[in-house]
Amino acid sequence: MVEQQVKITKGPTLDEAIVQKFKASFRGELIRPGDAGYDEARKIYNGMIDRHPALIARCTGAVDVINSVNFARANKLLVAVRGGGHNVAGNAVCDGGIVIDLSRMKGIRIDPVRRTARAEPGLTWAEFDRETQAFGLALQAEYSPRRA
């Protein structure tokens, strides 16, 4: 008896040639349905959200983000953006589109003289606080409602 392994995937897929062309200009990691780690990569903090993107683009820098947005536009894909990963509403993942995952972009520069920080979008508040506290700084919580 010959056993055959069949990989069962749920969710949409993109044409291989299109993804390979995108991959050539992408420094980060591209994850598709059926890839090892896909199910883990599509999860967000709110376990009630169960969406299946066609592609997850784990960006390593601004060029990856730009290329991901351009890829989504050219292929008419729905876009979801994930920062640190704690989006309770579920907007950080989508069905059938592309997740632009910024969670690996964790750079931060502190200017203790000016008392400012420049942070990349993948940082969580805990990571941000840890870095600023090393300089004796703390985040100021402030509420500023939007006005029309």
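Our structure is the block above this text.
Remember, it's a predicted structure, so these values are computed and weren't measured experimentally.

Asks: Sorry, what's going on with the pattern of salt bridges here?
Replies: One side chain can pair with another of opposite charge once the charged atoms of both are near each other. Applying the stated criterion across every chain, the model contains 11 salt bridges. Close ionic contact of arginine 42 with aspartate 39 constitutes a salt bridge, the shortest N to O distance being 3.0 Å. Linking arginine 42 with aspartate 39, this pair stays in helix α2 (residues 38-42), spanning three residues, or about one helical turn. Accessibility expressed as a relative area gives 12% for arginine 42, which makes it buried. A residue is classified by how much of its surface remains accessible, and aspartate 39, at 45% relative accessible area, is partly exposed.

Asks: Just to check I follow, could you spell out the sheet that holds strand β1 (residues 29-31) for this structure?
Replies: Within a sheet, adjacent strands bond to each other through the backbone by hydrogen bonds, running parallel or antiparallel. Taken in spatial order, the four strands make up an open sheet running β1-β2-β4-β3, and their pairing is mixed. Each having just a single partner strand, β1 and β3 (79-82) make up the two edges of the open sheet. Averaged over all adjacent pairs, the angle separating strand axes in this sheet is 20°, with direction ignored. By the bridge criterion, four bridges tie β3 to strand β4 (residues 98-101) in an arrangement that is parallel. Along β4, the bridge assignment pairs arginine 82 with aspartate 101. Sitting on the sheet, helix α3 (residues 62-74) touches β2 (55-58), β3 and β4, and the angle it makes with β4 is about 170°.

Asks: Whenever I open this one, the side chain of asparagine 46 confuses me. Can you help?
Replies: Along the chain, the position of asparagine 46 falls in the loop between α2 and β2. Non-local contacts of asparagine 46, meaning those with residues more than four positions away in its chain, are made with Asn87 and Val88.

Asks: Looking at this structure, I do not really get the nonpolar core. What am I missing?
Replies: One recurring pattern in soluble globular proteins is that nonpolar side chains are buried together. Ranked by size, the top nonpolar core spans 14 residues in total, and within it Phe22, Phe26, Leu30, Leu55, Cys59, Phe71 and Ile98 carry the most contacts. Within the residue set of this core, elements represented by two or more residues are α1 (16-24), β2, α3 and β4. Discounting chain neighbours no more than four positions away, the residues touching phenylalanine 22 are Leu30, Leu55, Asn67, Ser68 and Phe71. Membership of the second largest hydrophobic core comes to 11 residues, among which are Ala41, Ile44, Ile49 and Ala92.

Asks: Explain the packing of aromatic side chains to me, please; I cannot follow it from the model alone.
Replies: Here a ring pair, both rings aromatic, is described through the centre-centre distance and the interplanar angle of the planes. Scanning all chains against the criterion turns up three aromatic pairs. With 5.2 Å between their ring centres and 50° between their planes, phenylalanine 22 and phenylalanine 26 make a pair best called tilted. One exposure class covers both phenylalanine 22 and phenylalanine 26, and it is buried. Measuring from centroid to centroid gives 5.8 Å for tryptophan 125 and phenylalanine 128, while their planes differ by 85°, and the two rings are edge-to-face. Here tryptophan 125 pairs with phenylalanine 128, and both are found in helix α4 (residues 125-133), just three residues apart, close to one helical turn.

Basis of the calculations
- Residues numbered from 1 in each chain as written.
- Predicted model: local features only at pLDDT ≥ 70, side-chain atom pairs only at ≥ 80, totals over all residues.
- Heavy atoms only, no water.
- Salt bridge = Lys/Arg side-chain N within 4 Å of Asp/Glu carboxyl O.
- Helix = DSSP H or I, 4+ residues; strand = E, 2+ residues; numbered from the N terminus.
- Buried < 20%, exposed > 50% of the residue type's maximum accessible area, 1.4 Å probe, protein only.
- Pairing = 2+ DSSP bridges.
- Axes fitted to C-alpha atoms, helices over the stretch in contact; angles between N-to-C directions.
- Contact = heavy atoms within 4.5 Å.
- Core = buried A, V, L, I, M, F, W, Y, C linked by side-chain atoms within 4.5 Å.
- Phe/Tyr/Trp six-rings, centres within 6.5 Å; stacked < 30°, edge-to-face > 60°.

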